[in-house]
Amino acid sequence: MNAVAGRFGAQAGRYDDVARVQRVVAERLAARVAFTPARVLEVGCGTGYLGALLAQRLPGAALVLTDIAPPMLAQARARLGARARYAVMDGEAPDAGLGQFDLIISSLAFQWFGDLPGAIGRLRAMLAPNGQLLFATLGAGSFGAWAAAHAALGLPCGLHDYPSAAGFAWPPGGAGEIEAEMVADELPDGWAFARDLKRLGAGQPRAGYKPLSPRALKAVMARFEGGLRAEYQVLFGRVRAG
Ligand SMILES: C[S@@+](CC[C@H](N)C(=O)[O-])C[C@H]1O[C@@H](n2cnc3c(N)ncnc32)[C@H](O)[C@@H]1O
């Protein structure tokens, strides 16, 4: 299991307590399902919030929920029970043996992928004719206030590089469509921001980042004593079967 899976797995029991933005994004993604798919595959299902929305909206659909972290999948199973099938799966190396799907959907998991264009290409190959891959992932400019505070102090920042809507890298075989929307989370201070990311399992910094000294961290946190508005720039993508 990789480090990302380990972190998400370790936080699976607390994830729902802090997944405010993730619920909003899942709702906006579910609202983009503008057809009635018979076979649905979810990638990176987490605790199953989006899966439950889909189960409600698509009562006749066969649902397969997958995640790389077994404890997350266990939470999803506890939420949806026999309404879905479940599989531990790395969305970057999807199991073609699961069959073909009319809808493949993924909310806020793709930002953890190392080779997103390759993964999108492999998932697209699992779409049935006329099928669609719908996803939500983080885009450039997310958590701008946090990055700006580090830059102002001349400190390195552990945030990942996220793609812009215009510069989004698609796999060979055709581009998809992207719509960008911002979702904001108002937090009392920087400590709450860091704590919530950790509780989400999303606290893993960019590769090679060395944690700040306690003094440098305090200087960053001092900039957010009056509150922190965490802006998630969410890219909603749609890819049609090739
Ligand atoms: C921020 S959570 C989002 C969970 C859920 N989709 C939601 O919106 O609440 C990210 C999820 O992606 C999963 N994940 C990360 N990398 C993955 C990968 N390569 N393949 C499948 N799932 C992955 C994590 O285990 C975690 O459950």
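Whatever comes next refers back to the structure up there.
All of these numbers come straight from a predicted model, not from anything done at the bench.

Caption draft 1: Examining the overall build of the protein more closely. Within the protein, the regular secondary structure consists of nine helices and seven strands. Scaling as 2.2 N^0.38, a compact globule of 242 residues should have a C-alpha radius of gyration of about 18 Å, and the protein matches this with 18 Å. When contacts within the protein are restricted to residue pairs at least 6 apart in sequence, those whose partners lie at least 24 apart make up 74%.

Caption draft 2: Summary view of the site of the ligand. Among the 26 residues in the neighbourhood of the ligand, the closest are listed as Phe8, Gly44, Gly46, Gly91 and Ala109. Of all the elements in the fold, those that place two or more residues in the shell around the ligand are helix H1 (3-11), helix H3 (20-30) and helix H4 (49-57). Considering every element that reaches the shell around the ligand, the biggest residue donor is H1, with three residues. Split by residue class, the shell around the ligand holds 18 nonpolar, five polar and three charged.

Caption draft 3: Broad picture of the nonpolar core. Membership of the largest hydrophobic core comes to 60 residues, with the highest contact counts inside it found for Leu29, Val40, Ile104 and Leu133. It is strand S7 (residues 228-240) that contributes the most residues to this core, seven residues altogether.

Caption draft 4: Molecular detail of the sheet that holds strand S4 (residues 101-107). As summarised here, the arrangement of the seven strands in space is S3-S2-S1-S4-S5-S7-S6, forming an open sheet in which the pairing is mixed. Looking at strand neighbours, the two that pair on one side only are strand S3 (84-88) and strand S6 (177-187), the edges of this open sheet. Put simply, the sheet's adjacent strands are angled 15 degrees from each other on average, direction ignored. Bridging between strand S2 (residues 62-67) and S3 involves five bridges; their strand directions are parallel. Its bridge partner lying in S3, threonine 66 is registered against alanine 87. Running at roughly 150 degrees to strand S5 (residues 127-138), helix H6 (residues 116-124) makes contact with strand S1 (39-43), S4, S5 and S7 of the sheet.

Caption draft 5: Focus on the packing of H4 against helix H5 (residues 70-80). Where H4 contacts H5, the two axes come as close as 9 Å, and the packing angle between them is 30 degrees. Comparing their axes, H5 and H4 come out roughly parallel. Of the two elements, H4 crosses H5, and the hand of that crossing is right-handed. The residues of H5 that touch H4, namely those facing Gly51, Ala52 and Ala55, are Ala76, Arg79 and Leu80. Classifying every residue of the contact of H4 with H5 by side-chain character gives four nonpolar, one polar and one charged.

Caption draft 6: Just unusual backbone geometry, in detail. Phi at asparagine 130 is positive, roughly 70 degrees, even though this residue is not glycine. Of note, asparagine 130 is situated in strand S5. If you check the backbone angles, phenylalanine 143 has positive phi at about 60 degrees while not being a glycine.

Caption draft 7: Up close: the packing of H3 against H4. With their axes 9 Å apart at the nearest point, H3 and H4 run at an angle of 35 degrees to one another. The two elements H3 and H4 cross, and the hand of that crossing is right-handed. Contacts between H3 and H4 involve Gln22, Arg23, Ala26, Glu27, Leu29 and Ala30 from the first element and Tyr49, Leu50, Leu53, Leu54 and Arg57 from the second.

Here is what the cut-offs are and how they apply
Residues numbered from 1 in each chain as written. Predicted model: local features only at pLDDT ≥ 70, side-chain atom pairs only at ≥ 80, totals over all residues. Helix = DSSP H or I, 4+ residues; strand = E, 2+ residues; numbered from the N terminus. Rg over C-alpha atoms; globule rule 2.2 N^0.38 Å. Contact = placed C-beta atoms within 7 Å. Near = placed C-beta within 6 Å. Nonpolar A, V, L, I, M, F, W, Y, C, P; charged D, E, K, R; others polar. Core = buried A, V, L, I, M, F, W, Y, C linked by C-beta atoms within 7 Å. Buried ≥ 20, exposed ≤ 12 C-beta atoms within 10 Å, placed from the backbone. Pairing = 2+ DSSP bridges. Axes fitted to C-alpha atoms, helices over the stretch in contact; angles between N-to-C directions. Parallel < 35°, antiparallel > 145°, perpendicular 65-115°, else oblique. Left-handed = near helix turned anticlockwise from the far one by under 90°.

Just distances and angles here, no functional claims.
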